[in-house]
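Below, each chain spelled out in residue letters.
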Amino acid sequence: MRVLVVEAPGGLSGAIAAELATSHEVRLFGASPDLPTGLEGADERLQRGVSRTVGSLLEAADAWQAVRHIDAVVHPGQMPALAPGGDAQVLEWYTRGTHVLLKAAVEAGVRRVVLGSTLDLFGAYPEDVYITEQWRPRPGTGVAQLAPYLAEQVCREFARDYRLTATVLRLGRLVLEEEVAGAPPDLMWLDRRDAARAFAVALQRDHADAVHWTTRWQFLHVCADIPNPRYLIDAMRRTGWVPQHNFAAAWGGPAEAAGR
Amino acid sequence: MKKKVLFLGASGLIGPYVTPGLEADYDLILTDVKPHPLGVPVRQVDIRSYAQVLEAARGADAIANFTVVRGDPTDSFLVNTLGAWNVARAAVELGIRKIVHTGPQSVRPAYEHEFGLDEAPGAPGSGYYGVTKWLGREICRTWAENCGLQIISFVFAGLGPSPEGLQVKEDIPFFRVVWEDLQHACRLALELETVPGGFQEFNLFSYPANGKYTLDKARRILGFEPTRRWEEYFRRPAGARPVSEAVG
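Residues numbered from 1 in each chain as written. Chains lettered and ligands numbered in written order. Predicted model: local features only at pLDDT ≥ 70, side-chain atom pairs only at ≥ 80, totals over all residues. Heavy atoms only, no water.

Peer 1: Give me the lowdown on the overall build of chain A, citing residues and values where you can.
Peer 2: Within chain A, the regular secondary structure consists of nine helices and nine strands. In terms of C-alpha radius of gyration, chain A reaches 18 Å, essentially the compact-globule figure of 18 Å for 260 residues. Dimensions along the principal axes, computed over C-alpha positions, put chain A at roughly 50 × 40 × 40 Å. Only carbon and sulfur atoms are counted for the fraction: they give 49% of the accessible area of chain A, which is about 11000 Å². When the 26 basic and 31 acidic side-chain charges of chain A are each reduced to a single mean position, those positions are 6 Å apart. (Helix = DSSP H or I, 4+ residues; strand = E, 2+ residues; numbered from the N terminus. Rg over C-alpha atoms; globule rule 2.2 N^0.38 Å. Areas by Shrake-Rupley, 256 points an atom, 1.4 Å probe, with all protein chains shown as cover. Lys, Arg positive; Asp, Glu negative; His and termini not counted. Charge placed at Lys NZ, Arg CZ, Asp CG, Glu CD.)

And the structure:
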């Protein structure tokens, strides 16, 4: 497939591009002409499979250009740069920007989209409940939670209206396992490499021809597999995704080892 | 002393018909980005600007947001979505608890063939008007749940004047609210002390007779009833002879 990957900070879009490049043609889309592909130093053949297109998610013409001849879109859902316009600009990027992208995508015949969101939407629930995709998101008023939640709402309406497989990955807190060694453990940790693999796996969903929009649309919660999880990831595991980095040093081993 | 209500969108498609019914009971601060169609003085306030909304809301006891942009790819978001966010933020910053929010209904056409609908989950669709107003609604709900705002949201399918005279061979406009009823609903909303859950949305209309949509929730929470039995204007004369007999 030819896959568009929207830029994201912290190396996420590069990690996704690198993960996808082994099997797909990848086009990175973002404001920076120097977007890391994640393949720096990698095999030249792989590097040739990743291109860049520069533009803004808020410009319809840029989005139109970005989705030319694209089969699928991966939008990590993480605003890449500081917003000089403050929270208003952040909100606009997540709401209007997502709409601009998806409108261009469906008009170009794209049939699969994977949107990144955040497990932070469930932070308001008490610690003693297991959270799955069946729980209602409860974003706070800060844009860090509100904006991704609203982006989900936009994506949902496109899944409702169009023959589009739309998968939302609610991601845990993105880190690299080795970089948080010794830090207080976090129930939401998700290694960036596992996140990239989750996007690659989610991209395999294809229900664009499903009659019921509720089949076209799906949420999946994604975080590490730890002994006493708060966020249950069984739905994501059923896709075949298996997290490789489970912060055993912090939690004392994966769930299987704990006999869960 | 009358409550002071900041009315955003006073010059639009709804404001000029609603505000006259509120003037006797409230001290209205009429605002919009364009002149009032009847020449009523309005203060220039652009809901896209937080600074303008904040300044206009100073001293108000409540905010009524009747602004809308229906089809512009950019302004639909800036007015309908970020505008709602500006209103909620200003309310919290100024200690204003009550907001009356408005938007289009989001249950048609998803439930077009259903009956007895009172509180169906919204299905706004991806069009600019529907989705941006839906996002504004979600912003209102989030801010109400987190910050103690008391927000009533009225959503409509059609609005207009009350019928005059018998409407012969006309079906009841089942999802339409007449101006008198909207004014009445706004008064009820502004006076409601506690909104259950902080945020409640009402599909508002004046003609419940055919049972397609119900007013049960509006009755229960707001005490709303249409100000007249408007369906009477659409009553078919009983016992009328078939046309073929009538024309002999």
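So much for the structure itself; the text now carries on.
Peer 1: Tell me what's going on with the sheet that holds strand S3 (residues 50-54) of chain A, and back it up with residues and numbers.
Peer 2: Residues and elements named next belong to chain A. With respect to topology, seven strands assemble into an open sheet ordered S3-S2-S1-S4-S5-S6-S9, the strand pairing being parallel. Of all strands in the sheet, those bounded by a partner on one side alone are S3 and strand S9 (217-222). Each adjacent strand pair in this sheet contributes to an overall mean axis angle of 20°, direction not counted. Looking at chain direction, strand S5 (residues 112-118) and strand S6 (residues 165-171) are connected through seven bridges and run parallel. (Pairing = 2+ DSSP bridges. Axes fitted to C-alpha atoms, helices over the stretch in contact; angles between N-to-C directions.)

Peer 1: Explain the confidence of the model for chain B residue by residue, including any values.
Peer 2: Predicted confidence across chain B gives a mean pLDDT of 94, with 96% of residues reaching 70 or more. The ipTM, which scores confidence in the relative placement of chains, is 0.91 for this predicted complex, and the corresponding pTM is 0.93. (pLDDT = per-residue confidence, 0-100.)

Peer 1: Describe in detail the nonpolar core, supporting the description with residues and values.
Peer 2: One broad rule of soluble globular proteins: the nonpolar side chains tend to lie buried together. Ranked by internal contacts, the top residues of the largest apolar core, which has 114 residues, are Leu20, Val73, Val74 and Leu169 of chain A together with Ile63 of chain B. Not counting residues within four places of it along the chain, the set of residues in contact with Ile63 of chain B comprises Leu6, Leu8, Ala57, Val87, Ala91, Ile96, Lys98, Ile99 and Val100 of chain B. Counting 39 residues, the second-largest nonpolar core is a separate cluster that includes Ala10, Leu22, Leu182 and Tyr213 of chain B. (Core = buried A, V, L, I, M, F, W, Y, C linked by side-chain atoms within 4.5 Å. Buried < 20%, exposed > 50% of the residue type's maximum accessible area, 1.4 Å probe, protein only. Contact = heavy atoms within 4.5 Å.)

Peer 1: Describe the pattern of salt bridges, naming the residues involved and giving the relevant values.
Peer 2: Residues and elements named next belong to chain A. Counted under the stated rule, the structure contains 30 salt bridges over all chains. Across the pair Arg173 and Asp120 runs a salt bridge whose closest N-O atoms are separated by 3.8 Å. Taken together, the residues span a long stretch of sequence, with Arg173 in strand S7 (residues 173-175) and Asp120 in the loop between S5 and helix H5 (143-161) at a distance of 53 residues. (Salt bridge = Lys/Arg side-chain N within 4 Å of Asp/Glu carboxyl O.)

Peer 1: So what's going on with unusual backbone geometry? Residues and values would help.
Peer 2: Residues Arg108 of chain B and Pro109 of chain B are joined by a peptide bond in cis, for which omega reads 5°. Topologically, Pro109 of chain B is positioned in the loop between strand S5 (98-104) and helix H4 (128-147). The phi angle at His69 of chain A is positive, at roughly 60°, despite the residue not being glycine. Mapped onto the elements of the fold, His69 of chain A is located in the loop between helix H3 (60-66) and strand S4 (72-75). Phi angles above zero are rare outside glycine, and Lys169 of chain B is one such case at about 55°. With respect to the secondary-structure elements, Lys169 of chain B resides in the loop between strand S7 (158-160) and strand S8 (176-178).

Peer 1: Report on the environment of Ser51 of chain A, specifying residues and quantitative values.
Peer 2: Residues and elements named next belong to chain A. Structurally, Ser51 can be placed in strand S3. For Ser51, a relative accessible area of 35% gives the class partly exposed. Spatially, the C-alpha atoms of Ser51 and Leu4 are 9.5 Å apart, while their sequence positions differ by 47 residues. Excluding anything up to four places from it in sequence, Ser51 contacts Val26, Arg27 and Leu28.

Peer 1: A description of the sheet that holds strand S9 (residues 199-203) of chain B should follow, citing residues and the corresponding values.
Peer 2: Sheet strands associate in pairs through backbone hydrogen bonding, adopting either a parallel or an antiparallel arrangement. Residues and elements named next belong to chain B. The sheet built from seven strands is open, its strands ordered S3-S2-S1-S4-S5-S6-S9 with parallel pairing. With partners counted over all chains shown, the strands left at the sheet margins are strand S3 (43-44) and S9, one partner each. Helix-sheet contacts for H4 involve S5, strand S6 (150-156) and S9, and the interaxial angle to S5 is about 160°. On the sheet, helix H5 (residues 179-191) packs against strand S1 (3-8), strand S2 (26-32), strand S4 (62-65), S5 and S6 and is oriented at approximately 165° with respect to S6.

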